[in-house]
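Each chain, letter by letter, is given below.
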Amino acid sequence: MTHSVSTPAVKELRQDLRQLSPSVQRVHVTFTRPNLTIRADTAGLPDPAVLEAMLERVKAFATVEHVNEAAHSVKWELEVSYVHFTVNSDGNAETAEAAYFARYFRTSDASDDSPDNIEAYRTWYEMKKP
């Protein structure tokens, strides 16, 4: 089940992303356990500088505190595994022209909460198109 997320930090992120460029039309933040997804719908693919600025805003938002607040708002009490950020410029919500992710755990072992296995959304990865 997918839930829309609207916390104070999420509202601020939406506003920040929309203010970066007139091409940013909507920003959706959803939670589908155990992942948080931020999708920016744009009119055309933003130029690289705007895209980089958008990613920097998302990185600043993706703290353990903000992500946990979003999860708790939909009654999820565990760690959020992944934060996804996608930019969609063609109106098709199933495809993304740019996609990135960060994860809480370094490995797939969520039972390993040792410091060596905690990434805490600090490292972001670009998802390459096939």
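A short tour of the structure in this document, coming up. (Residues numbered from 1 in each chain as written. Predicted model: local features only at pLDDT ≥ 70, side-chain atom pairs only at ≥ 80, totals over all residues. Heavy atoms only, no water.)

Turning our attention to the overall build of the protein chain. Within the protein chain one finds 3 helices and 6 strands. Starting at the N terminus and walking to the C terminus, you meet the elements of the protein chain as β-α-β-β-α-α-β-β-β. Compactness check: the protein chain gives a C-alpha radius of gyration of 14 Å against a globular reference of 14 Å for 130 residues, within 12% of the reference. Taking the principal axes of its C-alpha atoms as reference, the protein chain extends roughly 40 × 30 × 25 Å. Counting only residues that meet the buried cut, the protein chain has 42% of its 130 residues in that class. Relative to all contacts within the protein chain whose residues are 6 or more apart in sequence, the contacts with residues 24 or more apart total 55%. Within the protein chain, the 19 negative side-chain charges are centred at a point lying 5 Å from the centre of the 14 positive side-chain charges. (Helix = DSSP H or I, 4+ residues; strand = E, 2+ residues; numbered from the N terminus. Rg over C-alpha atoms; globule rule 2.2 N^0.38 Å. Buried < 20%, exposed > 50% of the residue type's maximum accessible area, 1.4 Å probe, protein only. Contact = heavy atoms within 4.5 Å. Lys, Arg positive; Asp, Glu negative; His and termini not counted. Charge placed at Lys NZ, Arg CZ, Asp CG, Glu CD.)

Turning next to the nonpolar core. Core analysis: the biggest nonpolar cluster contains 37 residues, and L36, I38, F85 and W124 have the highest contact counts within it. The biggest single contributor to this core is helix α2 (residues 48-61), with 6 residues. Excluding residues within four positions of it along the chain, L36 makes contact with V5, V29, T30, F31, F61, V67, A70, V80, Y82, V83 and H84. (Core = buried A, V, L, I, M, F, W, Y, C linked by side-chain atoms within 4.5 Å.)

Within the secondary structure, T42 sits in strand β3 (residues 35-42). Looking at T42, the relative accessible area reads 4%, which means it is buried. In terms of polar contacts, T42 uses its side chain to reach the backbone carbonyl oxygen of G44, at 2.8 Å. When residues no more than four places from it in sequence are discounted, the contact partners of T42 are S23, V24, Q25, M54, V87, N88 and S89. (Polar contact = N/O pair within 3.5 Å; in protein donor to acceptor, adjacent residues only side chain to side chain.)

Among the 7 residues in strand β4 (residues 82-88), 5 count as buried, and that is most of the element. Where β3 meets β4, 7 bridges bridge the pair, whose relative direction is parallel. Residue A40 lies in a different strand from β4, and its bridge partner there is V87. Sheet analysis places β4 next to strand β5 (residues 98-103), joined by 6 bridges and oriented antiparallel. Bridging from a neighbouring strand, V83 pairs with A102 of β5. (Pairing = 2+ DSSP bridges.)

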